[in-house]
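Below, each chain spelled out in residue letters.
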Amino acid sequence: MKILGLGLGYLSTAVLSIDGKIVSAISEERFTRKKNEEGYPRTAIDYCLESNGLKASDLDKVIIAGEKINPTAWITKNYSSFSIEDHLRAQNEYWYPRLIEGKDVKWLDVFADKADYEQFPGNWLEIMKGNTDHHGIPAWEKLQKNLYRGIVEHLGISESIIEHVEHHTCHAAYAYWGSPFRTEQCLVFTADAYGDGLSATISVVNNGKIERIKAIPHDEFKLGRIYRYITLLLGMKPAEHEYKVMGLAPYAKDFVSKKALEAFQETMSVDGLGFKWNVVPKDLYHHFKEKLEGCRFDGIAGGLQIFTEEILSAWIKNAIKETGINRIVFSGGVSMNVKANMVIHGLDEVEDFFVSPSGGDESLPIGACYHEIAKNLYSKGGVQQEIAPIQAYLGSSYSVEEIKDWIKNKKLSDKYCITENVSDKQVAEILAKGDVIGRMVGEMEFGARSLGNRAILADPRRHDAVEKINKKIKNRDFWMPFAPTILAEYIYDYVENPKKIQSPFMTIGFESTEEGRLKLPAALHAADKTMRPQILEKEFNPRYHALISEFNKLTDVAGLLNTSFNLHGSPIVRDMDDALHVFENSDIDCILLEDILIKKKSI
C-alpha cells in the first residue's frame with residue numbers, strides 16, 4: 001500500500017509510506033526557505049513521489065493529518081510570516097478586545113495587510129473572500145472543499161481516496177509506532193497547544209492496539225499555550241523560540257524563579273488524569289503580563305520550566321498509578337521540551353521512556369500514515385513487529401557526481417580550495433585542530449534536530465568553537481547550549497543513564513558524568529552541565545559513526561559537538577546551494593559535501 005500523508009498547517013509536511021514503511025518525509029520549508037512554512041506542501045509532495053519513482057496515480061490513499069484545516073494558517077500564515085511585532089499586534093488588537101472587552105473584532109480586519117488569497121489552485125479567491133464565520137475568516141468547510149479541489153487538480157487523483165485522521169490520533173500513532181516498543185504494554189501521552197479541539201490525550205497500548213483512555217479539551221489543558229505566550233512576553237517569537245526559554249531557565253536561581261513559579265502554579269493544576277483551573281484567566285497573555293510584572297527575565301523562564309516539569313510529572317505519575325503501566329512514549333509540541341523529558345525519565349515510577357524525533361506538527365503526517373498502516377495490518381491479521389520504528393534520514397540526498405557537476409557549473413574552483421576523496425580521518429583531523437565544518441552527507445534528516453547529515457560539527461572540548469559558531473556563523477543567543485553526538489558504545493562513560501533510556505534523536509535530556517564534563521564541555525549546558533545527546537548506534541548512521549570513531553582515535557573523545565546546518569532563523573540546509581549560502585554568509589571554515597571538501601582560500 002502506498003500512502004501520502006499531508007500536514008497542512010504549521011510547518012506543512014509531506015510523507016510517503018510504501019508497504020508499511022515510512023520512506024520519505026520532508027517539510028515545505030526546506031524548499032521555500034521560509035521557516036515554519038504553512039499551507040499546501042506542493043513541492044514536498046512532488047519530491048516524495050519523484051524520489052521514490054512514483055506517480056500520483058500509484059497512491060492508494062492520501063491522508064490529511066487533522067480533521068479540520070486552520071484557515072488562519074492559510075490566509076495570513078501567522079507562523080511563517082508573522083514577526084514578533086505581528087504576534088504582539090494579535091494579542092493587543094485582536095485577542096484583548098475579543099476576550100477581555102467582549103468586542104466582535106475580525107481577524108482579517110486586524111491583519112488585512114498579511115492576507116494572501118492566491119496560495120492554491122481552483123476558485124480560491126472567491127472561496128476565501130466569502131462564507132466567513134464569526135471570527136471573520138472563511139469557514140473551514142469551504143476551505144476544505146477548495147482544498148480537495150486543489151489536491152485533485154495537482155495530483156490528478158480521485159477525491160474518494162482522500163481521508164482525514166484526527167490530530168491527537170496522529171500524535172499518538174507517531175509516538176508509539178515511531179518507538180522501538182512493540183510487544184510491551186505502553187502508555188502514550190500527547191500534549192500540545194491545540195489540535196482538533198484537544199490539547200492532550202492518554203492512551204494505553206496492548207498488543208499494538210492504541211486505545212485512548214483520556215481526551216483533554218483545549219480549555220482544560222493550556223500548558224503548551226502558556227509556554228508560547230511567555231515566549232512572546234520575553235520578547236521572543238512564539239511557536240518557534242520556546243526552546244530559547246527552556247535554554248535560559250537553568251540560569252535562574254530558585255529564589256529568582258519563586259514569584260513567577262507561584263504565578264503559574266495558582267492557575268492550572270493536575271486533577272487525576274486531567275487538569276483543573278484554580279484561577280481562570282480571560283486571556284493568558286495579558287493575565288501573565290500583569291502577574292509577572294517586576295519578575296526578572298531568567299526567573300520567568302525558570303519558573304515556567306519548573307511549572308512545566310511539575311505538571312507533566314504529576315500527570316504521568318497519576319496515569320501510571322491508574323493503569324499500572326510504566327513504559328512511556330510521548331509526542332506533541334510539548335514533547336520537544338528535552339529538560340522536562342529528563343525529569344520524566346528520572347521518575348521512580350517510569351521504567352522506560354522514548355520520544356521520537358521532532359514531535360511537533362511536522363510529525364503529524366507520519367502519524368497519519370502509521371495509523372493507516374496499523375489499521376490495514378490488523379485487518380489482515382498482521383502483527384505489530386511488521387511496522388518498522390521511525391528512522392530520521394528521510395529527505396534529499398545527492399551523489400558525488402551531482403556535486404562535482406554543481407561545483408563545475410558554479411565555477412567554485414576559481415574561488416575556493418576544492419579537495420576530493422576526503423577521508424573520515426582527514427575530516428577528524430580538521431575538527432581536532434579547531435575548525436568548524438558544515439557537513440552535508442547522505443539523506444537529509446526529518447524534523448528540527450540535526451542528526452549528523454545536515455550538521456555543523458566541532459570539537460566538543462573547545463569553547464572557542466562555541467564562540468565562533470555563536471558569533472560568526474549562527475548568531476545564536478549567548479545562553480543557548482549546544483548538543484553532542486556520542487557513540488553508543490561510550491554513552492555510559494559520558495551520560496548518567498541507569499535505566500538505559502534510548503535517545504537516538506536528541507529528544508531527551510540527561511545529566512552528564514564527570515568524564516562527560518571533562519571531554520564534552522562545549523556540548524553541555526553551561527549552567528547545569530546537562531546534555532541532550534544523539535546516542536549514535538553504528539547501524540543508525542554508519543558513515544557518521546565512522547567519522548566520530550576516527551575523531552575518537554585522534555583525541556580519545558567519542559563524540560562531536562553537533563548543531564543544525566543553517567543560519568539563524570532559516571531552515572536546515574537541503575541541497576548544495578543552501579550549504580553554499582551558509583558558507584558564503586558566515587565564517588564557517590569549510591563545508592563537506594559527501595567526500596568533497598570546500599575551503600576558503602584564506603584558510
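Residues numbered from 1 in each chain as written. Predicted model: local features only at pLDDT ≥ 70, side-chain atom pairs only at ≥ 80, totals over all residues. Heavy atoms only, no water.

(A) Fine view of the overall build of the chain. A count of helical and extended segments in the chain gives 22 helices and 23 strands. Taken over the C-alpha trace, the chain has a radius of gyration of 24 Å; the compact-globule value for 603 residues is 25 Å, and the two agree within 12%. Expressed as lengths along the three principal axes of its C-alpha atoms, the size of the chain is roughly 65 × 60 × 55 Å. Counting every position in the chain, which comprises 603 residues, the buried fraction comes to 62%. Excluding contacts between residues fewer than 6 apart, the proportion of contacts in the chain whose partners are at least 24 apart in sequence is 72%. For the chain, the accessible surface area stands at approximately 23100 Å², while carbon and sulfur atoms represent 47% of it. Side chains of the chain carry 73 positive and 86 negative charges; the gap between the two charge centres is 2 Å. (Helix = DSSP H or I, 4+ residues; strand = E, 2+ residues; numbered from the N terminus. Rg over C-alpha atoms; globule rule 2.2 N^0.38 Å. Buried < 20%, exposed > 50% of the residue type's maximum accessible area, 1.4 Å probe, protein only. Contact = heavy atoms within 4.5 Å. Areas by Shrake-Rupley, 256 points an atom, 1.4 Å probe, with all protein chains shown as cover. Lys, Arg positive; Asp, Glu negative; His and termini not counted. Charge placed at Lys NZ, Arg CZ, Asp CG, Glu CD.)

(B) Unusual backbone geometry, seen in detail. The phi torsion at Arg33 lies on the positive side, around 65°, for a residue other than glycine. Mapping Arg33 onto the fold places it in the loop between α1 (29-32) and α2 (42-51). Classification of Arg33 as partly exposed rests on a relative accessible area of 28%. Positive phi values are uncommon outside glycine, yet Lys500 reaches one of about 60°. Positionally, Lys500 belongs in the loop between β17 (495-496) and β18 (510-512).

(C) A look at the sheet that holds strand β4 (residues 61-65). Spatially, β3-β2-β1-β4-β5 is the arrangement adopted by the five strands of the open sheet, whose pairing is mixed. Each edge of the open sheet carries a strand with a single partner, namely β3 (21-27) and β5 (162-165). Taking each pair of neighbouring strands and ignoring which way they run, the sheet shows an average axis angle of 20°. The sheet contact formed by strand β1 (residues 2-7) and β4 spans four bridges and is parallel. Bridge pairing in β4 places Leu6 opposite Ile64. (Pairing = 2+ DSSP bridges. Axes fitted to C-alpha atoms, helices over the stretch in contact; angles between N-to-C directions.)

(D) Structural context of the packing of aromatic side chains. The tally for this structure, following the rule as stated, stands at 20 aromatic pairs. Both rings, one in Tyr393 and one in Phe540, keep their centres 5.3 Å apart while their planes meet at 55°; by these two values the pair is tilted. Of this pair, Tyr393 sits in the loop between α15 (364-379) and α16 (400-410) while Phe540 is found in the loop between β20 (534-536) and α21 (542-555), placing the two residues 147 residues apart along the sequence. Exposure remark for Tyr393: the relative accessible area of 8% places this residue in the buried category. In this structure, Lys600 packs its charged tip against the face of Phe583, placed 4.7 Å from the ring centre. (Phe/Tyr/Trp six-rings, centres within 6.5 Å; stacked < 30°, edge-to-face > 60°. Lys NZ or Arg CZ within 6 Å of the ring centre and 35° of its normal.)

(E) Examining helix α4 (residues 84-100) more closely. At Tyr94, α4 shows its largest bend, some 35°, and a proline, Pro97, comes one to four positions later. All of the buried residues along α4 are Asp86, His87, Arg89, Ala90, Gln91, Tyr94, Pro97 and Arg98. The elements touched by buried residues of α4 are α5 (107-110), α9 (223-233) and α12 (284-291). (Bend = angle between axes of the 7 residues up to and from the residue.)

(F) The pairing of strand β8 (residues 209-217), seen in detail. As paired strands, strand β7 (residues 198-206) and β8 are joined by eight bridges and run antiparallel to one another. Bridging across to β8, Leu198 finds its partner in Pro217. Between the antiparallel neighbours β7 and β8 lie two residues, among them Asn207 with a positive phi of about 50°.

(G) Main features of helix α17 (residues 424-432). Residues of α17 that are buried: Val427, Ala428, Ile430 and Leu431. Projected down its long axis, α17 shows its buried positions confined to an angular sector of 160°, all on one face. Where α17 is buried, its residues touch β14 (437-440), β15 (454-458), α21, β21 (559-564), β22 (590-593) and β23 (596-600). Among the residues trailing α17, Gly434 stands out with phi positive, at a value near 110°. (Arc of directions from axis to C-beta.)

(H) Highlighting the environment of Ala458. In this structure, Ala458 sits in strand β15. Residue Ala458 is classed as buried on the basis of its relative accessible area, which comes to 0%. In this structure the C-alpha to C-alpha distance between Ala458 and Ser503, which are 45 residues apart in sequence, comes to 21 Å. Residues in contact with Ala458, not counting those within four places in the same chain, are Leu431, Val436, Ala465, Ile469, Leu560 and Leu561.

By themselves these figures say nothing about function.
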